[in-house]
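Chain and residue survey
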Amino acid sequence: MKYGTTFSFCWSGGSKLLLYHYSHVEVKFIKCFFKMSSFSRSAQQWATFARSWFLIDARMQPPGKIASMCSVRLQGKHKPIYHPLSDIGDHVVVMNTRHIAFSGNKWEQKVYSSHTGYPGSFKQLTAAQMHKKDPTAIIKLAVYGMLPKNLTRRTMMQRLHLFPDDVLPEDILKNLTEELPQPREIPRKLSEYTQEERNAFPMLWTPNVSGSPGSASIRHNPLTKAPLSE
Amino acid sequence: MSLLGMFWNQTVCLLQHFRGRKNRCYSLAVRAVRRAFVYASKARKAKRRSMRQLWIQRVAAASREQHMKYPALIHNLLKCSVALNRRVLCDLSITEPRSFQSLTALAHARRTEGLRAALGDGAEPPGVFSRITQLQ
């Protein structure tokens with residue numbers, strides 16, 4: 001099989017360089033503008049089939065979306081040379097799993113059940129209890145359920161690295177090649193909006209709170225609660 | 001010419017790797033060989049299905065790299081009368097990534113044609129060669 005002969009935008013991880021900041025984990029990469037076609041055939045093969053290391057920050061993200069991104073990359077389904085038998089999955093490092101954000105009431109309503117097979121050992125834990133016991137368990141179970149149910153699943157799980165906080169060990173930091181964008185845009189809190197943005201927010205009519213019905217209503221800016229002059 | 005001899009002469013190449021007494025003893029071997037032939041016949045039909053499934057997975061992976069989803073790519077290439085099948089698209093995505101990138105750009109332009117007509121200034125999208133054709 002021939003391989004792509006164009007350069008750095010191509011999906012193989014071999015032509016990207018990295019810079020790390022050690023204060024907090026931030027991965028940048030500089031694209032190297034040399035052609036993979038100048039490599040020898042064996043070097044091209046090595047670069048094409050090399051295993052990349054992806055980093056995902058799970059802060060304020062839904063764990064299911066994180067898990068689906070992980071499972072796609074662990075199987076190698078993001079590569080055009082995918083084959084289920086080829087073992088071309090990559091490593092995925094997920095950090096800040098302690099700070100994932102379930103939507104709705106799933107922290108109380110989602111139940112993780114397990115049974116060891118012995119009588120009386122049926123355990124049911126809510127997501128909140130499970131998360132308190134082990135902050136990486138939710139994402140681990142989610143990814144495990146999303147991978148294909150065959151013998152390659154265990155090897156893929158071994159290539160998944162979960163960390164509850166953003167402290168990553170040295171050897172993993174050295175291996176990282178790419179950071180993936182977060183699936184969910186984190187909404188800003190009210191305290192993170194500036195006063196100018198709050199004032200510029202489109203105003204809704206509010207009925208007069210203090211006066212009796214029929215009296216002239218004073219319109220308030222709902223965000224700042226300051227009365228508006230006509 | 002004994003039937004037994006004929007059997008072993010004809011099938012020894014394909015039952016060498018069978019497990020246990022199926023590769024040595026006639027009664028067991030006959031049954032195993034018959035099953036093997038049936039599986040092979042079924043698999044010849046399933047091979048076409050699994051190859052197409054693999055092509056689709058590969059084209060989907062390649063198009064997602066170009067920020068486009070597989071159904072959108074296929075539908076819009078169809079609308080542009082680009083009659084490339086999944087096998088060819090898969091080969092292009094592996095060996096001709098630039099050509100595949102231009103195909104995704106074409107599909108993206110065809111997909112956003114309505115939006116650009118409604119919101120844009122009527123300019124042609126850059127890098128896309130377009131002309132009005134009658135769909136066959």
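The structure under discussion appears in the preceding block.
An account of the accompanying structure is given in this report. (Residues numbered from 1 in each chain as written. Chains lettered and ligands numbered in written order. Predicted model: local features only at pLDDT ≥ 70, side-chain atom pairs only at ≥ 80, totals over all residues. Heavy atoms only, no water.)

Here the focus is the packing of aromatic side chains. Inspection of every chain in the model, using the stated rule, returns 3 aromatic pairs over all chains. A ring pair is formed by B:Phe7 and B:Trp8, whose centres lie 5.2 Å apart and whose planes are at 75°; its orientation type is edge-to-face. Members of the aromatic cluster, each reached through a chain of ring pairs, are B:Phe7, B:Trp8 and B:Tyr26. Here A:Arg153 stacks its cationic end above the ring of A:Tyr144, 3.8 Å away from the centre of that ring. Between the NZ or CZ atom of A:Arg188 and the centre of the ring of A:Tyr193, over which it lies, the distance is 4.2 Å. (Phe/Tyr/Trp six-rings, centres within 6.5 Å; stacked < 30°, edge-to-face > 60°. Lys NZ or Arg CZ within 6 Å of the ring centre and 35° of its normal.)

With that out of the way, let us pick up the pairing of strand β4 (residues 91-95) of chain A. Across a regular strand the side chains alternate sides, sitting on one face of the sheet and then on the other. All names here are of chain A. Along β4, 5 of the 5 residues are buried, which leaves the element largely enclosed by surrounding structure. Both faces of β4 are covered, namely the face carrying His91, Val93 and Met95 and the face carrying Val92 and Val94. Here strand β3 (residues 53-57) pairs with β4 via 5 bridges, running parallel. In the sheet register, Leu55 faces β4, and the bridge partner there is Val93. (Buried < 20%, exposed > 50% of the residue type's maximum accessible area, 1.4 Å probe, protein only. Helix = DSSP H or I, 4+ residues; strand = E, 2+ residues; numbered from the N terminus. Pairing = 2+ DSSP bridges.)

It is worth spelling out the sheet that holds strand β7 (residues 160-162) of chain A at this point. Residues and elements named next belong to chain A. In space, the 4 strands of this open sheet follow the order β7-β4-β3-β8, with parallel pairing throughout. Each edge of the open sheet carries a strand with a single partner, namely β7 and β8 (178-179). The pairing of β3 with β8 spans 2 bridges and is classified as parallel. Bridging from a neighbouring strand, Phe54 pairs with Glu178 of β8.

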